[in-house]
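# Structural features, examined
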Amino acid sequence: MRKGLAIVCALAVLTIGGTASAEGSGVRIEARGGIGLPTFDIADVAKIGGLGGVGVWYTPTDSKWTFGAEADFGIHPGEDLEVGSATVEGPDVNVYHLMGKAGYNLYSSDDGKLDVIANLGAGAVMFDVDVEGADMETYLAINAGGKIYYALSSQIDFVVSLQGDIAFTDKDVLGTDNAWVWPLGVGIAIKL
């Protein structure tokens, strides 16, 4: 966990590095809340759970491209499992998403209040299964998603973030060789 947070912090520093902290620097810092939605095989062991996330994005002046680093942290209750003739609740699964991303501005309204961004990325997804003696497992992952920003003021945006992360997992550990978990959130982005 500490290594993952250190990676995100380092990416944030590199993303912001060299930019002015004055208004219009092209830097956005986000905080989000929402749900983590497991799909396909991973949904057999983990339910929909709460999610919190942060991100930092940099858009060069007069560019449609934006570059960022994001971290999302999901807490998933274990799915009900059949054990013999009984049904028991499986172990909780905490999922940590750490991604570097590039986005492209698909649409900006004429008044500058609305931006629609499509993004792709790569990084790591970590699974921490609440079983005694189990280690946290980290896997290479890819990301695709989109963001909608609506300006509430010159410095603050409301953001809707719809992301899909695919982790290339170990079938022996999680029961699948790719785990699809969707961080879906809303929040606030502050423009520096």
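The paragraphs below set out a description of the structure included in this document. (Residues numbered from 1 in each chain as written. Predicted model: local features only at pLDDT ≥ 70, side-chain atom pairs only at ≥ 80, totals over all residues. Heavy atoms only, no water.)

## Digging into the nonpolar core
In terms of nonpolar packing, the biggest core is built from 13 residues, with I42, V125, F127 and A167 touching the most fellow members. Going through the elements one at a time, strand 6 (93–108), strand 7 (114–129), strand 8 (137–151) and strand 10 (179–191) are the ones with two or more residues in this core. Here this core takes three residues from strand 6, the largest share from any one element. Ignoring sequence-local partners within four residues, the contact set of V125 consists of V95, Y96, H97, M99, E137, T138, Y139, A141, D165 and A167. Grouped together as the second largest cluster of nonpolar side chains are five residues, W57, I117, V159 and A189 included. (Core = buried A, V, L, I, M, F, W, Y, C linked by side-chain atoms within 4.5 Å. Buried < 20%, exposed > 50% of the residue type's maximum accessible area, 1.4 Å probe, protein only. Helix = DSSP H or I, 4+ residues; strand = E, 2+ residues; numbered from the N terminus. Contact = heavy atoms within 4.5 Å.)

## Concerning the side chain of N105
Here N105 lies in strand 6. Looking at N105, its side chain comes within polar contact range of the main-chain nitrogen of Y107, at 3.0 Å. Only 3.3 Å separates the side chain of N105 from the side chain of D115, close enough to count as a polar contact. (Polar contact = N/O pair within 3.5 Å; in protein donor to acceptor, adjacent residues only side chain to side chain.)

## Some remarks on a nonpolar patch on the surface
On the surface, a cluster of nonpolar side chains totalling about 720 Å² of accessible area is made up of I29, Y150, L152, I156, F158, V186, I188, I190 and L192. For the nonpolar patch, the elements supplying multiple residues, two or more each, are strand 9 (156–167) and strand 10. Residue position: Y150 is located in strand 8. (Patch = residues over 30% accessible without salt bridge, like charges linked within 9 Å, V, L, I, M, F, W, Y side chains within 5 Å. Areas by Shrake-Rupley, 256 points an atom, 1.4 Å probe, with all protein chains shown as cover. Salt bridge = Lys/Arg side-chain N within 4 Å of Asp/Glu carboxyl O.)

## Some details on the pairing of strand 9
Where strand 8 meets strand 9, 11 bridges bridge the pair, whose relative direction is antiparallel. Across the sheet, residue I148 finds its bridge partner in strand 9, namely V160. Here strand 9 pairs with strand 10 via 10 bridges, running antiparallel. By the bridge assignment for strand 10, S161 is matched with G185. (Pairing = 2+ DSSP bridges.)

## Concerning the sheet that holds strand 7
Spatial strand order, 1-2-3-6-7-8-9-10: eight strands in a closed barrel with antiparallel pairing. If you compare each strand with its neighbour and ignore which way they point, the axes differ by 25° on average. (Axes fitted to C-alpha atoms, helices over the stretch in contact; angles between N-to-C directions.)

Read these as spatial facts, not as claims about activity.
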